[in-house]
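A look at the structure
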Amino acid sequence: MNYEAVELEITGRLKASNDLSDIADITVLPEAIDKYKIPVINGLVTVVFMGESFDKNQSVGQISQHSTVTFNISIQSRRLRGAKGVYAISEFIKQSLIGFIPTDCGMISLGDFD
C-alpha cells in the first residue's frame, strides 16, 4: 500500500467538500516545520499516516493477512463551537469520509475521537 497516495486521496476527498474547504485549509502533514501554517487563521485540517497493524495469518498455504491502517486527521481552529469551530469541522470531515473507499483499501471507518 502506498501510504502517501492514500493520504492524498483522503485530503482530496476532504477538499471536495465545499462546506469544509470554505472554513478550513486541508493538507497532508508537511515535511518541514516552516511549511506548517502557524498561527491558524482559518481552520486547519491535517492528514497523516500513523501506522499499520496486522491480523493473524488466515491460511496454512498461501499467505492471506488483513491489516488495519490508521491515519490521523488533526483539526485546529481558533474556535471550538459555532459555524467555523472544531465541532463543525469535525462533522464535515465525518460526512465526507464515511463510506469513502481509497484505492487499494477497504471502506474507511472512523476510530477514536480524541
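About the criteria used
Residues numbered from 1 in each chain as written. Predicted model: local features only at pLDDT ≥ 70, side-chain atom pairs only at ≥ 80, totals over all residues. Heavy atoms only, no water. Helix = DSSP H or I, 4+ residues; strand = E, 2+ residues; numbered from the N terminus. Expected span 1.5 Å × (residues − 1). Buried < 20%, exposed > 50% of the residue type's maximum accessible area, 1.4 Å probe, protein only. Arc of directions from axis to C-beta. Contact = heavy atoms within 4.5 Å. Polar contact = N/O pair within 3.5 Å; in protein donor to acceptor, adjacent residues only side chain to side chain. 1 Å grid on protein atoms, 1.4 Å probe; cavity = no way out; pocket = protein on both sides within 12 Å on 5 of 7 lines; lining within 4 Å. Points joined across faces, edges and corners; volume = space filled by probe spheres on them. Nonpolar A, V, L, I, M, F, W, Y, C, P; charged D, E, K, R; others polar. Pairing = 2+ DSSP bridges. Axes fitted to C-alpha atoms, helices over the stretch in contact; angles between N-to-C directions.

**A word on helix α1 (residues 3-15)**
Over its 13 residues, α1 runs 18 Å from end to end, which matches the ideal 18 Å to within 8%, given 1.5 Å per residue. Listed in full, the buried residues belonging to α1 are V6, E7, I10, T11 and L14. Projected onto a plane normal to the axis of α1, the buried residues spread over an arc of 135 degrees and lie on a single side. Each element contacted by the buried residues of α1 is listed here: α2 (18-23), β1 (24-28), β2 (43-54), β3 (67-76) and α3 (86-97). The distance from a side-chain oxygen at the start of α1 to the backbone nitrogen of E4 is 3.1 Å, and the residue carrying that oxygen is N2.

**Side note on the layout of surface pockets**
Approximately 1000 Å³ is the volume attributed to the largest pocket. For the largest pocket, the lining is made up of 30 residues, of which T70, F71, S109, L110 and G111 are closest to its centre. Elements that contribute at least two residues to the lining of the largest pocket include exactly α1, β3 and α3. Classifying every residue of the lining of the largest pocket gives 17 nonpolar, nine polar and four charged.

**Digging into the sheet that holds β2**
Strand order in the open sheet made by the three strands is β1-β2-β3, with mixed pairing throughout. Of all the strands in the sheet, the pair left with one neighbour each is β1 and β3. Adjacent strand axes in the sheet meet at a mean angle of 25 degrees, parallel and antiparallel pairs treated alike. Along the sheet, α1 contacts β1, β2 and β3; its crossing angle with β2, the most-contacted strand, is approximately 145 degrees.

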